[in-house]
Amino acid sequence: MTQSEWPLWEVFIRSKQGLDHKHVGSLHAADATMAIQNARDVYTRRLEGISIWVVESKHVHASNPDDAEAFFDPANDKVYRHPTFYDVPASIKHM
Amino acid sequence: MQVAPSETSALNNYVPELRQQLFHYVLQLADTSLILGHRLSEWCGHGPVLEQDLAMANIALDLLGETRSLYQYAAELEGKGGTEDDLAFLRIATEYRNPLLVEQPNGDFAATVARQFLFDNFHYHFLRELHASTDERLAAIAEKAVKEAAYHLKWTSEWLIRLGDGTEESRQRLDQALASLWRYSGELTTPTATEKALQAAGIIPDYAGLLPKMEAHLNHVFQEATVPVPQGVFMMTGGKEGRHSEHLGYILAELQYMQRTYPGMKW
């Protein structure tokens, strides 16, 4: 018996039309076709989705947790980047 | 899977003889899904990988859903006040009408895939035609089940190709599976006297019409799998008329244990 592990795939499911595909988990499969079929069997058994994306996990590049402070903390005090920071003039309609 | 009961008056449209034949035939369909579903459920927790374990359990549950609708209809056709459970759990082996193919042991994964492919290739093409049945109840059951069967056939076709055109070992296992299971494939499309009567009445499709579509799909899949289509094999029949292999008794012993030991037990 040949022992070789199938590669890991990340699974993204769109729950309904108009919503984004959302990461739901991962699974093993020999190729993309099998990964989509496996995702159907593992992650859409309870009507969770209408569309499936799979990406081989090795193609996902993640930020380094050690960079978290430098990456994300500077955004902490920049409230002016939120639209709610600005008062809308009374004469502007339909906002 | 629940299909709303049609008007009871529709049942009375059948003359007693045809109604009896339809009863036996609906039992045949129900027994087929029950036994194959049970076989697949034996894989639960034993699949080669988690994902395929789930896939087989999913197919088993689809078949069980179809089984329930069919036994419910059969109980109504019988008209003796029995339930789906009575029909599923309280008959003896010679009263079961499933074809021999579906009671064959799971064997290895290749044997299960081969058995399932041979069945799905019939089941899917059959349900597509049954959808046009003059019997409203069967047509409704077929409409629901055909979507499930389409996925089953896709799954088994993929796996047959992977195993056939895979490694030396997978190919050898698939060859062995086909060598032992092919002889049971012909029964699916060999009509019994009951089936001929129902075909003549327009209640079920003529199998001759299914064969070209089944052959086209099978030839395509076998070609992709680089597996030659077996030729000149003597076809075993008899299951649909209650003549079974020794395997069915063992299946029923396990399947019926609870109802036989604790009669009338409910979950």
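About the cut-offs
- Residues numbered from 1 in each chain as written.
- Chains lettered and ligands numbered in written order.
- Predicted model: local features only at pLDDT ≥ 70, side-chain atom pairs only at ≥ 80, totals over all residues.
- Heavy atoms only, no water.
- Helix = DSSP H or I, 4+ residues; strand = E, 2+ residues; numbered from the N terminus.
- Rg over C-alpha atoms; globule rule 2.2 N^0.38 Å.
- Buried < 20%, exposed > 50% of the residue type's maximum accessible area, 1.4 Å probe, protein only.
- Contact = heavy atoms within 4.5 Å.
- Areas by Shrake-Rupley, 256 points an atom, 1.4 Å probe, with all protein chains shown as cover.
- Core = buried A, V, L, I, M, F, W, Y, C linked by side-chain atoms within 4.5 Å.
- Salt bridge = Lys/Arg side-chain N within 4 Å of Asp/Glu carboxyl O.
- Expected span 1.5 Å × (residues − 1).
- Axes fitted to C-alpha atoms, helices over the stretch in contact; angles between N-to-C directions.
- Parallel < 35°, antiparallel > 145°, perpendicular 65-115°, else oblique.
- Left-handed = near helix turned anticlockwise from the far one by under 90°.
- Nonpolar A, V, L, I, M, F, W, Y, C, P; charged D, E, K, R; others polar.
- Buried area = accessible area lost by both parts, 1.4 Å probe.
- Polar contact = N/O pair within 3.5 Å; in protein donor to acceptor, adjacent residues only side chain to side chain.

**Considering the overall build of chain A**
Then, number 1: Helix and strand counts for chain A stand at 2 helices and 3 strands.
Then, number 2: Helices (α) and strands (β) of chain A occur, in sequence order from the N terminus, as β-β-α-β-α.
Then, number 3: The globule rule puts the C-alpha radius of gyration for 95 residues at 12 Å, and the 21 Å found for chain A is more than 25% above it.
Then, number 4: On the principal axes, the C-alpha backbone points of chain A span a range of 75 × 35 × 20 Å.
Then, number 5: Across the 95 residues that make up chain A, the buried fraction comes to 22%.
Then, number 6: Taking the contacts inside chain A whose residues are at least 6 apart along the sequence as the reference set, 42% of them involve residues at least 24 apart.
Then, number 7: For chain A, the computed accessible surface area is about 7600 Å², with 56% contributed by carbon and sulfur atoms.

**Some thoughts on the nonpolar core**
Residues and elements named next belong to chain B.
Then, number 1: By size, the foremost hydrophobic cluster in this structure holds 90 residues, and its most contacted members are Leu22, Phe126 and Leu138.
Then, number 2: No other element matches the 13 residues that helix H5 (residues 109-130) contributes to this core.
Then, number 3: Phe126 has contacts with Tyr25, Leu29, Pro205, Tyr207 and Leu210, leaving out every residue within four places of it along the chain.

**Description of the pattern of salt bridges**
Any two side chains of opposite charge can pair if their charged atoms end up close together.
Residues and elements named next belong to chain B.
Then, number 1: Under the defined criterion, the tally for this structure stands at 15 salt bridges over all chains.
Then, number 2: Between Arg68 and Glu84 there is a salt bridge whose closest N-O contact spans 2.9 Å. Pair noted here: Arg68 is in helix H3 (residues 50-78) and Glu84 is in helix H4 (residues 84-89), with a separation of 16 residues, a long-range link.
Then, number 3: A relative accessible area of 39% places Arg68 in the partly exposed class.
Then, number 4: For Asp175, the salt bridge goes to Arg171, with nearest N and O atoms at 3.1 Å. Taken together, the positions of Asp175 and Arg171, both in helix H7 (residues 168-181) and 4 residues apart, correspond to about one turn of that helix.

**Things to note about H7(B)**
Within an α-helix, residues lying three or four positions from one another point in the same direction, as the helix has 3.6 residues per turn.
Then, number 1: Taking 1.5 Å per residue as the helical rise, H7(B) with its 14 residues ought to reach 20 Å, and the 20 Å between its terminal C-alpha atoms agrees with that figure.
Then, number 2: Residues of H7(B) that are buried sit in contact with H5, helix H6 (136-164) and helix H9 (207-224) of chain B.

**Description of the packing of helix H1 (residues 32-43) of chain A against H3(B)**
Then, number 1: At a minimum axis distance of 9 Å, the contact between H1(A) and H3(B) shows a crossing angle of 60°. In terms of axis orientation, H1(A) runs oblique to H3(B). The two elements H1(A) and H3(B) meet at a crossing, and its hand is left-handed. Residue-level inspection shows A:Met34, A:Asn38, A:Arg40, A:Asp41 and A:Val42 of H1(A) in contact with H3(B), the latter providing B:Glu51, B:Gln52, B:Leu54, B:Ala55 and B:Asn58.
Then, number 2: Along the lines of polarity and charge, the residues of the contact of H1(A) with H3(B) split into 4 nonpolar, 3 polar and 3 charged.

**Concerning the environment of B:Ala132**
Residue and element names in this part refer to chain B.
Then, number 1: Inspection of the secondary structure assignment puts Ala132 in the loop between H5 and H6.
Then, number 2: Overall, the relative accessible area of 65% leaves Ala132 in the exposed class.
Then, number 3: A sequence separation of 73 residues divides Ala132 from Pro205, and the C-alpha atoms of the two residues are 8.3 Å apart.

**Here's the deal with the interface of chain B and chain A**
Then, number 1: Taken residue by residue, the interface counts 13 residues in chain B and 15 residues in chain A.
Then, number 2: Carbon and sulfur atoms supply 49% of the area that chain B and chain A bury against each other, a total of about 1400 Å² over both sides.
Then, number 3: Among the residues of chain B in contact with chain A, B:Glu51, B:Tyr151 and B:Arg162 are the three that bury the most area, contributing 42% of the side total.
Then, number 4: One can count 1 salt bridge joining chain B with chain A.
Then, number 5: As a salt-bridge pair, B:Arg162 and A:Asp31 come within 2.8 Å of each other at their nearest N and O atoms.
Then, number 6: The interface formed by chain B and chain A includes 7 residue pairs in polar contact (both at pLDDT 80 or more).
Then, number 7: Residue assignment for the side of chain B that touches chain A shows that the elements contributing at least two residues are H3 and H6 of chain B.

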